[in-house]
Amino acid sequence: MRVLNSAQMRDADRRTIEEIGIPSLVLMENAGRQIVAALEAMHADLLEEQVAVLCGRGNNGGDGFVVSRTLAQRGVSVSVFLLGYVADVRGDARVNLEVLGRLGLSIVEIADSQAWELHGPEVTACPLIIDAIFGTGLNAPVSGLVQSVIADVNASGSMVVSIDLPSGLSADSPDPIGDSIEADATITLGAPKLPLVLPPGETRAGDIVIADIGIPAEVFEALDGPRVHLLTRAAMRALITPRPPDSHKGDYGHVLIVAGSKGKTGAAHLAAVGALRSGAGLVTVATPAACQPIVASMGPEYMTEALGETDAGLDADGVDRVLEMARDVIAIGPGLGQGPATQSFIRAIVDRATMPLVVDADGLNAFKDDPDRLAGREGRHVIITPHPGEMARLVGMSTEEVQASRLEIARNFAVAHRVYVVLKGHRTLIATPDEKVFICPTGNPGMATGGTGDVLTGMIAAWLAQLLDAEAACKLAVYLHGMAGDLAEADEGEVSMTSSDLAGHIGDAILEVTARRKVVENDHGSG
């Protein structure tokens, strides 16, 4: 699902009106009715509510007028407030405002601070306030009357539902440009916008509902400009196909994981479990010889291979052995350590491997002084999975700078180095060499615990071995990883959950996405 900026949303409206032939008034009517349907789904007792609709003078206000009329026609008690003068309302919004008048609904004009002082208490006394002041057209901070209105609405304690965007946010940036409505829910029109799905703007949007107002999907897909997408369950479901009855393990790929070191054998094990739980037919863990018995004892389902060591790390003679063993995918880095010989070993594998690579953790640290060497090439995909600190080392910036521009930094690195970047964190991003960015909506703070990234490395490698498509593997693995974390959090809580809990819920996440979960009745008895 495309995530749009203001120019793209305007272009989508224009194409729908001019090329498809759906009149703008129809789109506004669709929007209002879809918003009311969403409100009815949110509020079973909507007929008992007193609703205030705060409207601006533009198209967002026009949507608010349609909402007001539709609610009133369904028996809801509605009060309509216009921030400005009726005489200043133009276009489709004016048409719908006049319809309200002909139906006997009065509009209260609030054009200055004195009018707000008089009528503001009427608004803030309502338990439900609809914010239809500004939509995607805002490009400057609010001030004056609107700033006062926003402050009072935020302080009211009422439930606030915004139309399209919380008024005060810009559709062109996830960073707030000034004061804004702090909504409990946002019903966005046609497609999500950047501040609704990325921090810090998302914290002001509340729950997100995407309302279909009649713009065809083909229009959204054909839009020029940044290609930012939100991962959806339906799209992920399409990537998981049922296995034929005559399947065998060779059909689902052999993943080689190069991981682990003294004191970090758990990283190798967790990556292997992530790969196995994600369906890899075979998994082999290549790990330092001193660690091999420990790693082998952790899991009977995967194979292990001992790598020679020196005092400086992994022995360079092991490079040829790793490349000989590799079949479909190599995942390298979790817990390997940063000894100079180990870093040379990692660089040699990445330089010489002909099959797809997933590079994580210490695998990435080996390139911090020479990131240009970490590159994909024709016929061989490279996926890197940095957390913000590792990304910062690769681009020569601070972690804070990376976090402030996550989308741009991930996209720029992916394009420049011809790699797939999975930038982990809240709203994990996937950036591709062809300038696409995907935002993952799954996951929770309980995943901020050691080992969850190792599990993800194994998951990406497993899906890459099965799908043979780097973009699809990243999308599916990241989405399932976050969903497994959400399921683990539901069972264990975000404080107590561990990476093993997450790994143990990967199967549940797959069942959820494919809608193949078996329903078991829990009868705990009665009285």
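Up top is the structure.
What you see is a predicted model; the values in this text were computed from it and never measured. (Residues numbered from 1 in each chain as written. Predicted model: local features only at pLDDT ≥ 70, side-chain atom pairs only at ≥ 80, totals over all residues. Heavy atoms only, no water.)

Asker: How should I be thinking about the nonpolar core in this particular structure?
Answerer: Across soluble globular proteins, nonpolar side chains have a tendency to be buried as a group. Core analysis: the largest hydrophobic core is formed by 56 residues, its most contacted members being Ile257, Ile383 and Leu480. Residue contacts for Ile257: discarding those within four places in its chain leaves Ala271, Ala272, Ala275, Val283, Thr284, Val285, Ala286 and Ala331. Membership of the second largest hydrophobic core comes to 54 residues, among which are Leu230, Phe345, Phe367 and Leu374. (Core = buried A, V, L, I, M, F, W, Y, C linked by side-chain atoms within 4.5 Å. Buried < 20%, exposed > 50% of the residue type's maximum accessible area, 1.4 Å probe, protein only. Contact = heavy atoms within 4.5 Å.)

Asker: Sorry if this is basic, but what is going on with the pairing of strand β3 (residues 77–82) here?
Answerer: If a strand is regular, its side chains alternate between the two faces of the sheet. One ladder, built from six bridges, connects strand β2 (residues 50–55) with β3; its direction is parallel. The partner of Val51 across the bridge, within β3, is Val78. Handedness of the crossover joining β2 and β3 through helix α3 (residues 59–73): right-handed. Of the pairings in the sheet, the one linking β3 to strand β4 (residues 107–109) comprises three bridges and is parallel in character. Bridge pairing links Phe81 to Val108 in β4. In terms of handedness, the path from β3 via helix α4 (residues 91–102) over to β4 forms a crossover that is right-handed. (Pairing = 2+ DSSP bridges. Helix = DSSP H or I, 4+ residues; strand = E, 2+ residues; numbered from the N terminus. Right-handed = clockwise from strand over helix to strand, strands pointing away.)

Asker: Is there a simple way to explain the pattern of salt bridges in this structure?
Answerer: Where side chains of opposite charge bring their charged atoms close, a pairing between them can arise. A full pass over the atoms with the stated rule returns 21 salt bridges. Of the charged contacts, one joins Arg57 and Asp88 as a salt bridge, the two residues approaching to 3.8 Å between their closest N and O atoms. In this pair, Arg57 sits in the loop between β2 and α3 while Asp88 sits in the loop between β3 and α4, placing the two residues 31 residues apart along the sequence. Residue classification places Asp88 among the partly exposed positions, given a relative accessible area of 35%. With a shortest N-O distance of 3.9 Å, Glu324 and Arg321 are connected by a salt bridge. Here Glu324 pairs with Arg321, and both are found in helix α12 (residues 318–325), just three residues apart, close to one helical turn. Since its relative accessible area comes to 36%, Arg321 is described here as partly exposed. Linked by salt bridges that have partners in common, Asp11, Arg14, Arg15, Glu18 and Glu19 make up one network. (Salt bridge = Lys/Arg side-chain N within 4 Å of Asp/Glu carboxyl O.)

Asker: Would you mind going over unusual backbone geometry with me for this structure?
Answerer: Trans peptide bonds make up most of the peptide bonds, and negative phi angles are found at most residues other than glycine. Cis geometry is adopted by the peptide bond preceding Pro200, which originates at Pro199 and carries an omega value of 0 degrees. Residue position: Pro200 is located in the loop between α7 (194–197) and β8 (207–211). Non-glycine residue Glu435 carries a positive phi angle of around 75 degrees. Checked against the element boundaries, Glu435 lands in the loop between β19 (429–431) and β20 (436–439).

Asker: Quick question: what am I supposed to make of the sheet that holds strand β18 (residues 420–423) here?
Answerer: Strand pairing in a sheet takes place through backbone hydrogen bonds and is either antiparallel or parallel in direction. Pairing is mixed across the open sheet formed by eleven strands, whose spatial order is β1-β9-β20-β19-β18-β17-β16-β15-β10-β11-β12. The sheet terminates laterally at β1 (2–3) and β12 (303–307), the two strands that pair on one side only. When strand β10 (residues 254–258) meets strand β15 (residues 329–332), the two strands line up parallel, connected through four bridges. What sits directly across from Leu256, in β15, is Ile330.

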